[in-house]
Amino acid sequence: MPLPYSEKVLEYFKHPKNVGKIENPDAKAKEGSPACGDMVTLYLKVDEKTKRITDIKFESFGCASNIATGSIITELAKGKTLEEAKKITWKDASEELGGLPPVKVHCSVLAVDVLKAAIEDYEERHGLVKEHVKTTKEIVLKRLKHVMNPIVGLDIVKTNIVNDVNVKEGSISVSMGIPRDNQFSKNIEEEVKERLKRLWDIKKVEVTFDEE
Amino acid sequence: MKLKKVYLDNAATTLCDKRVVDAMIPFYTDKYAVASSDFSHSPGIEAKEALDKAREDIANKIGAKFREVIFTSGATESNNVAINGIAMANKKKGNHIITSSVEHRSVKEAIEALEKEGFTVTWLPVSKGGFVSVDDLKKSIKKETLLVSIQHANQETGTVQDINSIGNICHKKSVFFHTDAALSFGRIPLDVKKAKVDLLSITAHKIHGPKGVGALYIRDGLGIVKCMYGGFNEFNKRAGTENIPGIVGFAKAIELIEPNEIKYIEKLKERLYDGIKKELDAVQLNGNQKDTLPTILNLTFRFVEGESVILHLDMRGIAVITGSACFSRSLEPSYVLKAMGLSHEEAHGSIRFSFSRFNKEDEIDYTIDAVVNVVKKLREISPITPDN
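Attention now moves to a positive patch on the surface. On the surface, K138(B), K172(B), K173(B) and K196(B) cluster together into a patch of positive charge. Inspection of the secondary structure puts K172(B) in helix 7 (residues 163-172).

Turning to empty space enclosed by the protein, a few remarks are in order. All names here are of chain B. For the structure shown, the criterion picks out three cavities of 30 Å³ or more. Around the second largest cavity sit N10, A11, L183, R187, K206, T295, I296 and F355, which together line it. Among the residues making up the lining of the second largest cavity, the classes are represented as four nonpolar, two polar and two charged.

This paragraph deals with the nonpolar core. Counting residues in hydrophobic clusters, the biggest one holds 71 residues, and the most contacted among them are L42(A), L44(A), I276(B), F301(B), F353(B) and F355(B). In this structure, F353(B) is in contact with L8(B), L272(B), I276(B), T295(B), I296(B), L297(B), L299(B), F301(B), V320(B), T367(B) and V371(B), ignoring residues within four places of it in sequence. One finds V20(B), V126(B), I207(B) and I254(B) within the second-largest nonpolar core, a separate group that totals 58 residues.

Residues and elements named next belong to chain A. For S60, the position within the fold is in strand 3 (residues 53-61). Polar contacts involving the side chain of S60 include one to the main-chain amide nitrogen of G62, which spans 3.4 Å. At 2.8 Å, the side chain of S60 forms a polar contact with the side chain of N66.

As a further point, take the confidence of the model for chain B. With 96% of its residues at a pLDDT of 70 or more, chain B has an overall mean of 94. Scoring the predicted complex yields pTM 0.89 and, for the interface, ipTM 0.82.

With 28 residues of chain A in contact, the opposing surface of chain B contributes 22 residues. Interface of chain A and chain B: buried area, both sides summed, is about 2,100 Å²; carbon and sulfur atoms make up 67% of it. Looking only at chain A, the three residues that lose the most surface to chain B are F13(A), K14(A) and F61(A), adding up to 25% of its buried area. There are zero salt bridges connecting chain A and chain B. Of all elements in the fold, only helix 1 (7-14), strand 2 (38-46), strand 3 and helix 2 (64-77) of chain A reach the threshold of two or more residues within the side of chain A that touches chain B.

What counts and what doesn't
- Residues numbered from 1 in each chain as written.
- Chains lettered and ligands numbered in written order.
- Predicted model: local features only at pLDDT ≥ 70, side-chain atom pairs only at ≥ 80, totals over all residues.
- Heavy atoms only, no water.
- Patch = residues over 30% accessible without salt bridge, like charges linked within 9 Å, V, L, I, M, F, W, Y side chains within 5 Å.
- Areas by Shrake-Rupley, 256 points an atom, 1.4 Å probe, with all protein chains shown as cover.
- Salt bridge = Lys/Arg side-chain N within 4 Å of Asp/Glu carboxyl O.
- Lys, Arg positive; Asp, Glu negative; His and termini not counted.
- Charge placed at Lys NZ, Arg CZ, Asp CG, Glu CD.
- Helix = DSSP H or I, 4+ residues; strand = E, 2+ residues; numbered from the N terminus.
- 1 Å grid on protein atoms, 1.4 Å probe; cavity = no way out; pocket = protein on both sides within 12 Å on 5 of 7 lines; lining within 4 Å.
- Points joined across faces, edges and corners; volume = space filled by probe spheres on them.
- Nonpolar A, V, L, I, M, F, W, Y, C, P; charged D, E, K, R; others polar.
- Core = buried A, V, L, I, M, F, W, Y, C linked by side-chain atoms within 4.5 Å.
- Buried < 20%, exposed > 50% of the residue type's maximum accessible area, 1.4 Å probe, protein only.
- Contact = heavy atoms within 4.5 Å.
- Polar contact = N/O pair within 3.5 Å; in protein donor to acceptor, adjacent residues only side chain to side chain.
- pLDDT = per-residue confidence, 0-100.
- Buried area = accessible area lost by both parts, 1.4 Å probe.

Put into structure tokens, the structure is as follows:
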């Protein structure tokens, strides 16, 4: 089998740009988990006045497509305003890289998601969230699409292990269709809570498992 | 630095020895007749003699009788024929099969297919080192148990099972015993009578023979369902024109195994392992230090992902494989490593190095340098550290 990667992907994989940590970042985010085989963290320095990204770095535990995508999106985002950077899509990254193999979409999407998540983190920390939309089941599900199901390596919504979501008076309860003694239940619970606790109108997040 | 080509994927397949190819060629270009047992013509008799001689050599190598060896297209076919053949011929005797959770796919999937047909299967777990508990196996044998299929050595970690004890237990309990010896044959001692096996699968291409040739040992008197119809070939068990060049090559490959070659390969393995351990922390051995094949070394490099490692190594000319999900089409990490209790993360960072007599010490040293360099580089950009 020839390598499934374009030359550009391999070039970025060999010599990734903007890798590492930023001390005292203005914002940071993490996507994926080691259990899924891919994890990316991203750090931002943002100019408070212009809201331009002055520095950006990422770290990757992942395959070539993950590293290359992380590299390209940090290059694309550097120097852009947060609003501009928000618009960077997976398609942009893929085009810049000369295409990514379909089987690797999941690994590379992570790198795009982590940029969005870091920008959100910045906005939440700096009180920039303009419209406070009331949290609904749909909003919760959208966030849960970023939580991976390590059993299969796809998100927990797509793999149908979220049985139900209830949003009521500032608290969310998520019921999972896997037993608590599953080896990943703790991992998933932490990820779910991490994703939901920063919603502005939410005070409590509860995760339940099968037969509880 | 000059790019070296270092092939360390010998558990997948090996270089076909030039001397094997030389032995095979006349059977394509000159002695190309079909082997015939009854008199037809001289070329046919000549082919038959070559076939018989190869069969004799291979039978001798595993302690079997001439009539107990049939040729197949490889270990995958041998495994399928053994498992299916015995199960279908003995349905009345019982419908329970015992196997392990780390078998090669050709055993695993053949048994899964029987499971769908109504057989019940006990999938024995393995220890951290990859071993099946002989006691557990003994306890899981019941009245309905028809077949035990436990591999001799594992394809990913090299862990060697105690097939002599398992065979003796099966023999005492009158249960058929099959072992997949694709990885161990020609590497470690193997004797079908000592291990009291009923069926054993081997292949040529893992010992510098040609691809597409294997053999199945079927204990004398054992009935299996004929696996291919259309003639009386292979003692009326597998019809079809014999692959004589391949079979001759198989026998030649066995003849070429040198008594000291395993010691040499073992030294290469130790050299690589020691060299890597000296330079890198957080490296774990997947498998066991003892009772393992000298040809396989499976290591997990914590905090890095395997596909990235092998891609970097490939760019340096080194061929190895990983148990990482990112490397597999199913996006699932190695089931063997998972069965041994490795976490997903540990399986993702696993690399299998496998050696042959054609590897050289300087290739190993080059690999040590490359691995150390690549893993250090990837750890630098990894968000996972020993502290989190």
